[in-house]
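Here are the chains, one letter per residue:
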Amino acid sequence: MAFPTVATCAPQYGFWFWRVSGAACFVPPMICLLKCSSPMVKVRRNSKSLHFLCEGKQMTEEKSSLLIPRSFKQLRNQWPESVQRPTEVDNINSENFTCDSVEDEVADRGLVEKNMNPNPGTQRYLVAIEYIGTRFSGAQKQSSGRTVVGVLEDAFKEFIGQPVSIFCSSRTDAGVHALSNVCHVDIERISKRRPGQLPPHEPLVVKNAVNHFLQKNEGDIMVTDVRCVPADFHARYEARERTYFYRLLSGKEPLAIFEKDRAWHVPEELDLLAMQKACQVLVGHHDFSSFRGAACQAKSPIRTLDELSVTEVASSPYFPTVLEREHCINGMEGSLSSSYNSEAVVHSVSSTSDHLLKIENSSEAASQGFGTRKRHRCFVVTARARSFLYHQVRLLVGVLKSVATGDLTVSDVERILMAKNVAAARPMAPACGLYLGHVKYDLPSN
């Protein structure tokens, strides 16, 4: 009788000895299924012996000699007393991985890929998403609380009818928004009416189907793009660059309800030039220990900040005033009447946009009549790097805001950076103003 798959156990040691096609390994399951030339046999272990169930009838260990070769039973009885239970491999949780350096990233990626072997019939998709982070407890899936990954996995399960695992490129905190976060997921197309291996879903089908189910769940998250990628492509470790934006609204007026949980309201006036000078101190390759959250799991605080800048932009949502509309119309009419040159028209539109920003908070815009709200000045901090430390961007913004209000000087920023201690930094900015703007990959053209 052939025994392509057999197993035996040493109950006193609490593990199985499993042999498949001549290869042996240790595994710790409580129940295993054995397939041989006889019907399906279930083996169940208790603290003292084995119980075999064949066609629903319990068999003793002696009567099971046809199922387990005698040599295996002898091996079980001769097991040395010094044998100990093999160390179980820790579950791989994406929260335990942080991109520190290129070498650490390669090592971490190897561990992840070793524990993620998609089935041959699956297709890996790269999925871009946008979401409002106000009602999320963060991006990473947690034991409790509503998360971005949890909501996405539920929508994919509704779509394909089976559970999936989703891996995000960036794990945003609770309350942080995303203009574009990226994740990957493996999907196996299964149809009860058409058994057998089917071609993978088209990316557009995946996008539309998942969005259909997402709209039933608060409607604060949406898939914006989908494309097929190789089975070894990892959304986190393949990322070449990440860009974050942070919005600050300056002004004494209370924040408009349209801006609630979308920006950090600072009542004081902000000095744009001072913030830009402080950015020049912080940009580049540094030890950012002073801008590293206490719960950071990164192995090294060294980071290269490719860009840190501050720009004043029009507040959003933006609606033109009467004076702005008249200025735009007059400017366009003047350009069209004087010349039909398209470059002149483009120059006029550019000049008009600059003028709109200048008069946004001027007396002209403020004297439009009863019921018109005075607008806040809006500043956007842009931070761009391959990877960031935990809370790094929000701690950077907290220092920049203190410089803009006059509480700190540019020299103080240098001192904080050299202190290499997070206690030297100012309180970090709230999560509501932070946006993950873009994740860059080296993807082949479609």
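Since this is a predicted model, take the numbers as computed values, not measurements.

J.: Help me understand the overall build of the protein chain in this model?
T.: Regarding its fold elements, the protein chain presents 10 helices and 17 strands. When burial is assessed residue by residue, the protein chain has 42% of its 446 residues classed as buried. At a minimum sequence separation of 6, the contacts of the protein chain that also span at least 24 residues come to 70%. Split by element, the accessible area of the protein chain, about 24,500 Å² in all, is 53% carbon and sulfur.

J.: Looking at this structure, I do not really get unusual backbone geometry. What am I missing?
T.: Negative phi characterises most residues that are not glycine, and trans characterises most peptide bonds. A positive phi is found at Asp261, a non-glycine position, where the angle reads about 60°. If you trace the backbone, Asp261 turns up in the loop between β12 (241–250) and β13 (264–266).

J.: For this particular structure, what's the right way to read the confidence of the model for the protein chain?
T.: Detailed reading of predicted coordinates is not advised where the pLDDT is low. Averaged over all residues, the pLDDT of the protein chain equals 76, while 64% of them reach at least 70. In the model, residues 1–103 has pLDDT below 50 throughout and makes 184 contacts with residues more than four positions away in sequence or in other chains. In this model residues 344–350 is a low-confidence stretch, pLDDT under 50, and it forms 7 contacts with partners more than four residues away in sequence or in other chains.

J.: Explanation requested: the nonpolar core in the structure shown.
T.: Side chains of nonpolar character tend, in soluble globular proteins, to be buried together. If you look at the biggest cluster of nonpolar residues, it comprises 79 residues, and the most contacted ones within it are Val127, Leu152, Phe156, Ile221, Leu248 and Phe291. Beyond its immediate sequence surroundings of up to four residues, Ile221 is in contact with Ile129, Glu130, Tyr131, Phe136, Val148, Val151, Leu152, Leu214 and Gln215.

J.: Explanation requested: the packing of aromatic side chains in the structure shown.
T.: How two aromatic rings sit relative to each other is given by the distance of their centres and the angle of their planes. Applying the stated rule across the entire model yields 5 aromatic pairs. Summarising the aromatic geometry, the rings of Phe233 and Tyr441 are spaced 5.7 Å apart at their centres and angled 50° between planes, so their arrangement reads as tilted. On the criterion of sequence distance, the pair formed by Phe233 in the loop between β11 (221–229) and β12 and Tyr441 in the segment after β17 (434–440) is long-range, its members being 208 residues apart. Centre to centre, the rings of Tyr244 and Phe388 are 5.3 Å apart; their planes meet at 90°, and the pair counts as edge-to-face. A residue pair is termed long-range when its members are at least 10 positions apart, and Tyr244 in strand β12 and Phe388 in the loop between β16 (377–385) and α9 (392–404) qualify at 144 residues. For the pair Tyr244 and Phe388, one class covers both residues: buried. Here Arg146 stacks its cationic end above the ring of Phe136, 4.2 Å away from the centre of that ring.

The rules we used
- Residues numbered from 1 in each chain as written.
- Predicted model: local features only at pLDDT ≥ 70, side-chain atom pairs only at ≥ 80, totals over all residues.
- Heavy atoms only, no water.
- Helix = DSSP H or I, 4+ residues; strand = E, 2+ residues; numbered from the N terminus.
- Buried < 20%, exposed > 50% of the residue type's maximum accessible area, 1.4 Å probe, protein only.
- Contact = heavy atoms within 4.5 Å.
- Areas by Shrake-Rupley, 256 points an atom, 1.4 Å probe, with all protein chains shown as cover.
- pLDDT = per-residue confidence, 0-100.
- Core = buried A, V, L, I, M, F, W, Y, C linked by side-chain atoms within 4.5 Å.
- Phe/Tyr/Trp six-rings, centres within 6.5 Å; stacked < 30°, edge-to-face > 60°.
- Lys NZ or Arg CZ within 6 Å of the ring centre and 35° of its normal.

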